[in-house]
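Structural characterization, general
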Amino acid sequence: MATTADFRNGMCLDIDGSYFFITEFLHVKPGKGPAFVRTKLKNVTTGRVLDKTWNAGVKVEEVRIERRPYQFLYKDELGYNFMHPETFEQISIPGESIDGVQFLKEGDTVEAMVHAESETILTCELPAHVILEVTYTEPGVKGDTATNTLKPATVETGAEVRVPLFINTGEKIEIDTRNGSYVGRIKQ
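This structure is a prediction, so every number in the text was calculated from the model and none was measured. (Residues numbered from 1 in each chain as written. Predicted model: local features only at pLDDT ≥ 70, side-chain atom pairs only at ≥ 80, totals over all residues. Heavy atoms only, no water.)

1. Details of the sheet that holds strand β15 (residues 160-164)
Read across the open sheet, the five strands follow the order β15-β14-β13-β16-β17; overall the sheet is antiparallel. The open sheet is flanked by β15 and β17 (181-185), the only strands paired with a single partner. For this sheet the average axis-to-axis angle between neighbouring strands, irrespective of direction, equals 55°. Inspection of the sheet shows strand β13 (residues 129-137) paired to strand β14 (residues 150-155) by three bridges, in the antiparallel sense. From the neighbouring strand, Y136 faces β14, where its bridge partner is T154. (Pairing = 2+ DSSP bridges. Helix = DSSP H or I, 4+ residues; strand = E, 2+ residues; numbered from the N terminus. Axes fitted to C-alpha atoms, helices over the stretch in contact; angles between N-to-C directions.)

If you want it as structure tokens, here you go:
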């Protein structure tokens, strides 16, 4: 059991049988009345964010989470199959549990959040940025760079991202997996 004084970003709580990560918290001591803690909680399974206010000192159920690296092997009808790089154990994770799954390619390493007691995988995260090759995009017109306009491009995983006009087919680009935005071009 933990109290509201133990809150920290990334802490996982069990609230009414559902698991939530604390994304933000703020301890408030008003001039009048008791202290309280405002939190933003992200549901592990649905990804929904909700605001919750706690009275100071309330006991909450903390869930022990371990972060483990897994390497992506292949996708089949059961889901996405991964292998632990040290123990070589293989697991299958459904696509809904993986953040940024559209940017996942063979051999990529992800971090899985594993419930320590039950050994169940709660969620999976890709690295913040990945480097992918553009497989198709319309060619840019010379001299058409005066504005910050973007065009659609398909990358090697099949995902579509918006890129600047100067990006051509065959170039490698860096993509932010959290929101799917273009970060930069990789020099070859």
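2. Quick notes on the nonpolar core
Among the nonpolar cores identified, the biggest contains 27 residues, and F82, I98, F103, I173 and I175 are the most heavily contacted of them. Going through the elements one at a time, β7 (65-76), β8 (79-83), β9 (90-93), β11 (109-115), β13, β14, β15 and β16 (172-176) are the ones with two or more residues in this core. Beyond its immediate sequence surroundings of up to four residues, I98 is in contact with Y80, F82, I93, C124 and L126. (Core = buried A, V, L, I, M, F, W, Y, C linked by side-chain atoms within 4.5 Å. Buried < 20%, exposed > 50% of the residue type's maximum accessible area, 1.4 Å probe, protein only. Contact = heavy atoms within 4.5 Å.)

3. Points about the sheet that holds β8
The strand order across the open sheet built from six strands is β9-β8-β7-β11-β12-β10, with neighbouring strands paired in mixed fashion. The strands lining the two open edges of the sheet, one partner per strand, are β9 and β10 (98-99). As paired elements, β7 and β8 share five bridges and run antiparallel to each other. Following the sheet pairing, Q71 is matched in β8 by M83.

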